[in-house]
Each structure stands twice: as C-alpha cells, then as structure tokens.
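Each chain is listed here by its residues.
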Amino acid sequence: MSREIKFRAWDKDEKRMLEVYRIGFDGPIDGAQVYCYLDDRGAKGSKECFYDGDGLTLEQFTGLLDAKGQEIYEGDIVQVDPDDPPYRVFFDEGKFQIEGNGVVYELGEVYMDCEVIGNVFETPELVEANK
C-alpha cells in the first residue's frame, strides 16, 4: 500500500502552520533545508521562504483522513469518541500512533471515525488535559 508523502511545518516564530513544498538535503549547513509558502502556494501575493531547521517543526501526513475528510498529521489531536479523551497523533517505531491518558493505540482504519480537533501547537490545552 502506498501513501502520499507530504509534510506541514509549524513556525514557532510566526506561530502558524506552513505548507511544505520541498525538503532539500543539499544546503550549505548540515541537515535539511525546508521550503515553505507563507500563503496559498502560487496564489497572488504568496510569499516563498526557506528554513534551515531553526524554529521549524516538521509534521508528516499519516496518509489517513478523519471522518470529515480532513488530513491527519502527526501532532494533530483527534477525538475518537465524544466520551473518550482526545488523543495526540505521533510517529514511533515505524508507525503512526495515538495516545491519550497514557494509553497508546496504533493509528489505522479502525480509528477513522475520529475527528481532528486541533494540534499540539495551536491547541496545546487539549494535550495538557490528558497528562
């Protein structure tokens, strides 16, 4: 099974999520350079920029969509059932997982009735409530 490989990036200085359109490993420094758009890619007035890793957190697309068709990324917070706590999406040991109240499950088709309700950067209070 193949899935689309793509990323988004949290800019801690701008305090907003950016679309990543290229990751290069050929920069003048050790590590990766990330190229992002600050607005809609290609739209009039969009601004292209690149980062050398400082102040930027990359989050990978899981390849899955929530119940409303929204893409699920690592760092997202999902609600599986209204009576359950929210779960944080993360990548570990070669697979995407969800964790809430100390319980960890592998993220997969069985949880696709979930809904993305935030992410760890823009709604950190949802994560803190489950510690």
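Scope of this entry: the structure provided in the associated data block. (Residues numbered from 1 in each chain as written. Predicted model: local features only at pLDDT ≥ 70, side-chain atom pairs only at ≥ 80, totals over all residues. Heavy atoms only, no water.)

1. A look at the pairing of strand S1 (residues 7–11)
Logical step 1: With four of five residues buried, S1 is to be regarded as a mostly interior element.
Logical step 2: In terms of strand pairing, S1 meets strand S5 (residues 56–65) through five bridges, oriented antiparallel. The partner of arginine 8 across the bridge, within S5, is glutamate 59.
Logical step 3: Both S1 and strand S2 (residues 16–24) contribute to a ladder of four bridges, which runs antiparallel. Looking at the pairing, aspartate 11 lines up with arginine 16 of S2.
Logical step 4: Between the antiparallel neighbours S1 and S2 lie four residues, among them lysine 15 with a positive phi of about 55°. (Buried < 20%, exposed > 50% of the residue type's maximum accessible area, 1.4 Å probe, protein only. Helix = DSSP H or I, 4+ residues; strand = E, 2+ residues; numbered from the N terminus. Pairing = 2+ DSSP bridges.)

2. Here we look at the packing of aromatic side chains
Pairs of aromatic rings are described using the distance from one ring centre to the other and the angle between the two planes.
Logical step 1: All chains considered together, the criterion is met by four aromatic pairs.
Logical step 2: Ring centres of tryptophan 10 and phenylalanine 121 lie 5.1 Å apart, and the angle between their planes is 5°; on these two criteria the pair is classed as stacked. Of this pair, tryptophan 10 sits in strand S1 while phenylalanine 121 sits in the loop between strand S11 (115–119) and helix H1 (124–128), placing them 111 residues apart in sequence.
Logical step 3: Measuring from centroid to centroid gives 6.0 Å for tyrosine 87 and tyrosine 105, while their planes differ by 65°, and the two rings are edge-to-face. Of this pair, tyrosine 87 sits in strand S8 (residues 87–92) while tyrosine 105 sits in strand S10 (residues 103–106), placing them 18 residues apart in sequence.
Logical step 4: Here lysine 6 stacks its cationic end above the ring of phenylalanine 61, 5.1 Å away from the centre of that ring. (Phe/Tyr/Trp six-rings, centres within 6.5 Å; stacked < 30°, edge-to-face > 60°. Lys NZ or Arg CZ within 6 Å of the ring centre and 35° of its normal.)

3. Overview of the side chain of aspartate 11
Logical step 1: Considering the arrangement of structural elements, one finds aspartate 11 in strand S1.
Logical step 2: A polar side-chain atom of aspartate 11 sits 2.8 Å from the main-chain amide nitrogen of aspartate 13. (Polar contact = N/O pair within 3.5 Å; in protein donor to acceptor, adjacent residues only side chain to side chain.)

4. A short note on the nonpolar core
Logical step 1: Judged by nonpolar contacts, Leu64, Ile72, Val78, Tyr87, Val89, Phe96, Ile98, Leu107, Met112, Cys114 and Val116 together constitute the single largest core of 11 residues.
Logical step 2: Among the elements of the structure, S8 and strand S9 (95–100) are those that each provide at least two residues to this core.
Logical step 3: Among the nonpolar cores identified, the runner-up in size contains six residues, and Val20, Val34, Cys36 and Leu56 belong to it. (Core = buried A, V, L, I, M, F, W, Y, C linked by side-chain atoms within 4.5 Å.)

5. Looking at the environment of proline 124
Logical step 1: Inspection of the secondary structure assignment puts proline 124 in helix H1.
Logical step 2: Spatially, the C-alpha atoms of proline 124 and isoleucine 77 are 9.1 Å apart, while their sequence positions differ by 47 residues.

6. Some details on the pattern of salt bridges
Logical step 1: One pass over the full model with this rule turns up six salt bridges.
Logical step 2: Note that lysine 68 is salt-bridged to glutamate 115, the shortest N-O span being 3.1 Å. Taken together, the residues lysine 68 in the loop between S5 and strand S6 (71–73) and glutamate 115 in strand S11 connect sequence positions 47 residues apart.
Logical step 3: A relative accessible area of 30% means that glutamate 115 is categorised as partly exposed.
Logical step 4: Here glutamate 99 ties to arginine 88 by a salt bridge, and the two come within 3.4 Å at their closest N and O atoms. (Salt bridge = Lys/Arg side-chain N within 4 Å of Asp/Glu carboxyl O.)

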